[in-house]
There are 2 protein chains.
Amino acid sequence: MRARVTVYPRPEILDPQGKAIHQALGRIGIEGVEKVRAGKSFEIDLSHQDPEEATKVLERICQKLLANTVVEDYEVELLPGGAG
Amino acid sequence: MRARVTVYPRPEILDPQGKAIHQALGRIGIEGVEKVRAGKSFEIDLSHQDPEEATKVLERICQKLLANTVVEDYEVELLPGGAG
């Protein structure tokens, strides 16, 4: 089973990388961008076939390793198409 | 309009961060993980209302700033729910 985990700074936390990208877009002449949030994405293949079990493992992975939950939010998505 | 851009190392390119995470998961006793790819995620709010126009702008943003297309692939998704 394949999953995607996305980790972003919490809304109340400063996001200097997102801000820098937003400013850089203005400098290179790309208009119409209102906001950029910069985060991390992880594509994870699991041997678990059961979606509930996979979600539990992914939550553990996020809390133990991928996200710093004091300053970051995470989102877990199971992707269609299995481990393909 | 809100969009998400995901940038990953190309499949043929080494992904040391993904490999390090995979190994770390083994060390902290989380089993059943077959592969981890580590990438970047960007949430972008655009003032464009037209999905086609928004996609064009996002492609430019990826090619000019967010992705190094020699070693990285990118994916653009328009998110439902507009700029909310």
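Residues numbered from 1 in each chain as written. Chains lettered and ligands numbered in written order. Predicted model: local features only at pLDDT ≥ 70, side-chain atom pairs only at ≥ 80, totals over all residues. Heavy atoms only, no water.

Focus: the pairing of strand β1 (residues 2-9) of chain B
Residue and element names in this part refer to chain B. To keep things clear, this is the line we draw: Exposure is judged per residue with a 1.4 Å probe applied to protein chains only, and the accessible area is read against the type maximum: over 50% gives exposed, under 20% gives buried, and values in between give partly exposed. By definition, any uninterrupted DSSP run of H or I lasting at least four residues is a helix, any uninterrupted run of E lasting at least two residues is a strand, and each is numbered from the N terminus. Any two strands with at least two DSSP bridges between them are considered paired.
In terms of residue burial, β1 counts as a mostly covered element, since eight of its eight residues are buried. What you see with β1 is no split at all: R2, R4, T6 and Y8 on one side and A3, V5, V7 and P9 on the other are buried throughout. Sheet topology note: the β1/strand β2 (residues 33-46) ladder contains six bridges and is antiparallel. If you follow V5 over to β2, its bridge partner there is F42. Taken together, the seven bridges between β1 and strand β3 (residues 72-78) define a ladder with antiparallel strand orientation. The residue of β3 that forms the bridge with V5 is V76.

Examining helix α2 (residues 51-66) of chain A
Residues spaced three or four apart along an α-helix face the same direction, because each turn holds 3.6 residues. Threshold: Helix span is expected to be 1.5 Å times the residue number reduced by one. What makes two residues a contact is simply this: any of their non-hydrogen atoms within 4.5 Å.
The end-to-end C-alpha distance of α2(A) is 20 Å, clearly below the 22 Å that 16 residues give at a rise of 1.5 Å each. Contacts made by the buried residues of α2(A) are with β1 (2-9), β2 (33-46) and β3 (72-78) of chain A together with α1 (16-27) and β2 of chain B.

Function cannot be inferred from these measures alone, as they are strictly geometric.
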